[in-house]
Amino acid sequence: MGTRRGNSLFNVLIGRLSKVPMKVKIALGALLAVCALVALKFTVKDMRYFFIASETFHLAGTIILLYKLFTLKNCSGVSLKTQELIALFLAARLSCSTIMEGNIHTLLDMISLLSVSLIVWMIRFKLKSSYVKELDNFRLLFVVVPCAVLALLIHPYTIHFRLTRILWAFSVYLEAVAVLPQIRFMQNAKMVETLTGKYVFALGVSRFIGFAHWIIQIYETRGAYFYLVGHGHFWFLVAFIAEMIQSFILADFCYYYMKSFMQGQLLRKMPV
């Protein structure tokens, strides 16, 4: 009885929220995000845990995809191009991390890269009969080339080797837009496969944690963090904008996913 009553009250709340103006929804969403940031600030003492948590959620999403491929024996709803972009930025970031310092982030990136490479191999060769290439029609050159050019022009100066600086910047920029082919795929299909939806939601949580780290650091240093990374050049600002772009790309999907999940439904259709 308690569970049903709770679900009923939640459905009533969702119904009322769906009728309020978009400005009110945005304000409520912003308030919820601020509350989450405050909670993270007072509960997480070591800033390194933000990166570990972000990479762990990303890896969890990858494991969800692997589970789908191995158990269902098909890759329906999965964008091969997003997986290729992820493999590319992980390879670039891993090469930098290995050169600069080997740590837990290097290990997580290595596991993620191996997992994503396995996904790419399975879609291309083992499960290619279930891959709908026509729906995965995002042009990769539209994101890879601009990211490469931007990395050549704007990169951090705290790293000694110039090639490493460029690769690191390239990985940051490419990560920000790597999910675009997957979003485009779901829009073309006009539906979201259940496990694929969980995968994209895991990416959204990963990005929120990463974005929260930036906001908290900026707040705690009263803006001085801008000058601690990249010596105050355009690098920090552009990297921060890239983080914002990725977060906003995933925010809309995560909102509708959480809404359908709390209502006890499966997000089968992409929101218009």
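All values reported here derive from a predicted model rather than from experimental measurement.

Notes on the pattern of salt bridges
Logical step 1: Scanning all chains against the criterion turns up five salt bridges.
Logical step 2: In this structure, Arg93 and Asp109 form a salt bridge, with 2.8 Å as the shortest nitrogen-oxygen distance. Of this pair, Arg93 sits in helix α4 (residues 80-100) while Asp109 sits in helix α5 (residues 104-126), and the two are 16 residues apart along the sequence.
Logical step 3: In this structure Arg93 comes out as buried when scored by relative accessible area, which is 14%.
Logical step 4: Note that Arg207 and Glu243 form a salt bridge whose closest N and O atoms lie 2.6 Å from each other. Highlighted residues: Arg207 in helix α9 (residues 194-220) and Glu243 in helix α11 (residues 234-262), separated in sequence by 36 residues. Of the two residues, Arg207 and Glu243, neither departs from the other in class, the shared state being buried.

A few points about the environment of Ile86
Logical step 1: Relative to the assigned elements, Ile86 resides in helix α4.
Logical step 2: The spacing of Ile86 and Leu174 is 88 residues in sequence and 8.0 Å in space, taken between C-alpha atoms.
Logical step 3: For Ile86, the contacting residues outside a window of four places in its chain are His58, Val116, Ala178 and Tyr199.

A few points about the packing of helix α3 (residues 48-72) against α5
Logical step 1: It is at 10 Å that the axes of α3 and α5 come closest, and there the two elements cross at 20°. Here α3 is positioned roughly parallel relative to α5, judged by the angle of their axes. Helix-helix and strand crossings are classified by hand; for α3 and α5 the assignment is left-handed. Contacts between α3 and α5 involve Arg48, Phe51, Ile52, Glu55, Thr56, Leu59, Thr62, Leu65, Leu66, Leu69 and Phe70 from the first element and Ile104, His105, Leu108, Asp109, Ile111, Ser112, Ser115, Val116, Leu118, Ile119 and Met122 from the second.

With respect to the UniProt feature "transmembrane region" (unreviewed entry) in the protein chain
Logical step 1: The positions UniProt marks with the feature "transmembrane region" (unreviewed entry) are residues 26-44, 50-70, 106-125, 137-154, 166-187, 199-219 and 234-258.
Logical step 2: With 100% helix and 0% strand, residues 50-70 has end C-alpha atoms that lie 30 Å from one another.
Logical step 3: Along residues 137-154, the helical share is 72% and the strand share 0%, with 29 Å between the first and last C-alpha atoms.

Reading guide: rules and limits
Residues numbered from 1 in each chain as written. Predicted model: local features only at pLDDT ≥ 70, side-chain atom pairs only at ≥ 80, totals over all residues. Heavy atoms only, no water. Salt bridge = Lys/Arg side-chain N within 4 Å of Asp/Glu carboxyl O. Helix = DSSP H or I, 4+ residues; strand = E, 2+ residues; numbered from the N terminus. Buried < 20%, exposed > 50% of the residue type's maximum accessible area, 1.4 Å probe, protein only. Contact = heavy atoms within 4.5 Å. Axes fitted to C-alpha atoms, helices over the stretch in contact; angles between N-to-C directions. Parallel < 35°, antiparallel > 145°, perpendicular 65-115°, else oblique. Left-handed = near helix turned anticlockwise from the far one by under 90°. UniProt positions renumbered as here; feature names shortened; annotations may be inferred.

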